[in-house]
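Listed below are the residues making up each chain.
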Amino acid sequence: MLIRRAFFYWQFPAAVILPAWILVGWGVFAATGWQIIGLIVGVMMLTVAMLATAGLIFARKDVRAERAVSWLDVGLLTVLHALIIAVGFFTSATALLGTLSVVAVIALFWSGIIQLVMETRRRVRAAMAGFEAQAQATRINTAPRSPRIDGEYIVIETSDRQSPPRV
């Protein structure tokens with residue numbers, strides 16, 4: 001639970017800190033001229049993607065209630081963060097690591113959507129079952145009763161037709 005909670009609190013700061021590490025790392029490890037412009041655009045896109053995935057994770061009620069992400073989220077976030085840290089070192093494998101980072105972000109995004117849909121579906125089904133149980137209880141209480149037999153009663157019948165005038 002401690003690890004899952006740590007990732008819960010880390011995901012929003014990570015959306016700022018890890019892209020900043022790429023900027024610093026590439027500055028230190030030999031990024032040049034025009035690469036910086038592409039780097040800045042890529043870092044902005046990475047920040048938006050990480051914030052979107054963090055928002056999807058945070059949108060789940062179970063995550064907010066427990067203040068802990070799921071184990072699947074922990075695994076995917078670990079892979080993504082490790083790849084981002086590796087990209088910041090600007091090695092010969094940077095293109096491959098960048099591609100794998102994009103794949104990891106896409107996997108985290110779709111995992112977040114699927115988990116959100118599954119949790120929402122489960123909660124809606126539980127609510128509908130509660131409504132159905134309440135409706136069944138109401139039907140039992142309002143079942144048609146037999147006519148009262150406690151003496152005389154008067155029945156008044158009305159007609160909507162007008163009777164012809166009498167001559």
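First, a word on scope: everything that follows refers to the structure included in this document. (Residues numbered from 1 in each chain as written. Predicted model: local features only at pLDDT ≥ 70, side-chain atom pairs only at ≥ 80, totals over all residues. Heavy atoms only, no water.)

When helices and strands are counted, the protein chain shows five helices and zero strands. Moving toward the C terminus, one meets the helices and strands of the protein chain in the order α-α-α-α-α. Going through the 167 residues of the protein chain one by one, you find that 27% of them count as buried. Of the roughly 12,000 Å² of accessible surface on the protein chain, a fraction of 69% belongs to carbon and sulfur atoms. (Helix = DSSP H or I, 4+ residues; strand = E, 2+ residues; numbered from the N terminus. Buried < 20%, exposed > 50% of the residue type's maximum accessible area, 1.4 Å probe, protein only. Areas by Shrake-Rupley, 256 points an atom, 1.4 Å probe, with all protein chains shown as cover.)

Each aromatic ring pair is characterised by the separation of its centres together with the angle its planes make. Throughout the structure, instances matching the rule amount to six aromatic pairs. Aromatic side chains Phe12 and Phe58 sit 6.1 Å apart centroid to centroid with 80 degrees between the ring planes, which places their arrangement in the edge-to-face category. On the criterion of sequence distance, the pair formed by Phe12 in helix H1 (residues 2-28) and Phe58 in helix H2 (residues 33-59) is long-range, its members being 46 residues apart. The partly exposed category is assigned to Phe12, whose relative accessible area is 35%. For Phe58, a relative accessible area of 32% gives the class partly exposed. Relative to Trp110, the ring of Phe109 has its centre 5.6 Å away and its plane inclined at 85 degrees; by these criteria the two rings are edge-to-face. (Phe/Tyr/Trp six-rings, centres within 6.5 Å; stacked < 30°, edge-to-face > 60°.)

Further remarks concern the packing of H1 against helix H4 (residues 71-87). At a minimum axis distance of 9 Å, the contact between H1 and H4 shows a crossing angle of 15 degrees. When the axes of H1 and H4 are compared, the pair comes out roughly parallel. Where H1 crosses over H4, the two elements pack in a sense that is left-handed. Contact with H1, carried on its side by Ile3, Arg4, Phe7, Trp10, Gln11, Ala14, Leu18, Trp21, Ile22 and Trp26, involves Trp71, Val74, Leu77, Thr78, His81, Ile84, Ile85 and Val87 of H4 and no other residues of that element. Looking at the contact of H1 with H4 residue by residue, the class counts come to 14 nonpolar, three polar and one charged. (Axes fitted to C-alpha atoms, helices over the stretch in contact; angles between N-to-C directions. Parallel < 35°, antiparallel > 145°, perpendicular 65-115°, else oblique. Left-handed = near helix turned anticlockwise from the far one by under 90°. Contact = heavy atoms within 4.5 Å. Nonpolar A, V, L, I, M, F, W, Y, C, P; charged D, E, K, R; others polar.)

Judged by nonpolar contacts, the single largest core of 24 residues is most densely connected at Ile22, Leu46, Met50, Ile57, Val69, Leu80 and Ile84. Ignoring any residue separated from it by four or fewer positions in sequence, one finds Ile22 in contact with Leu39, Val43, Leu46, Ile84, Val87 and Gly88. (Core = buried A, V, L, I, M, F, W, Y, C linked by side-chain atoms within 4.5 Å.)

This part covers unusual backbone geometry. Despite not being glycine, Arg67 has its phi angle at roughly 55 degrees, a positive value. Its identity as a non-glycine residue notwithstanding, Phe90 has a phi of 50 degrees, on the positive side. Mapped onto the elements, Phe90 comes out in the loop between H4 and helix H5 (94-141).

With that out of the way, let us pick up a nonpolar patch on the surface. Residues Leu23, Trp34, Ile36, Ile37, Ile40, Val41, Met44 and Met45 make up a contiguous nonpolar surface patch of about 830 Å² in total accessible area. The dominant element in the nonpolar patch, judged by the number of residues it contributes, is H2, at seven residues. With respect to the helices and strands, Val41 occurs in helix H2. Classification of Val41 by relative accessible area gives partly exposed; the value is 39%. (Patch = residues over 30% accessible without salt bridge, like charges linked within 9 Å, V, L, I, M, F, W, Y side chains within 5 Å. Salt bridge = Lys/Arg side-chain N within 4 Å of Asp/Glu carboxyl O.)

For Thr120, the position within the fold is in helix H5. Spatially, the C-alpha atoms of Thr120 and Lys61 are 8.6 Å apart, while their sequence positions differ by 59 residues.

Moving on, we come to H1. Compared with an ideal rise of 1.5 Å per residue, which puts 27 residues at 39 Å, H1 spans 34 Å between its outermost C-alpha atoms and falls more than 12% short. Of all the bends in H1, the greatest measures close to 50 degrees and is centred on Pro13. (Expected span 1.5 Å × (residues − 1). Bend = angle between axes of the 7 residues up to and from the residue.)

Further remarks concern the pattern of salt bridges. Inspection of the entire model under this criterion finds three salt bridges. Of the charged contacts, one joins Asp62 and Arg122 as a salt bridge, the two residues approaching to 2.7 Å between their closest N and O atoms. With Asp62 in helix H3 (residues 61-66) and Arg122 in helix H5, the pair connects residues that are 60 residues apart, well separated along the chain. We classify Asp62 as partly exposed; its relative accessible area is 34%.

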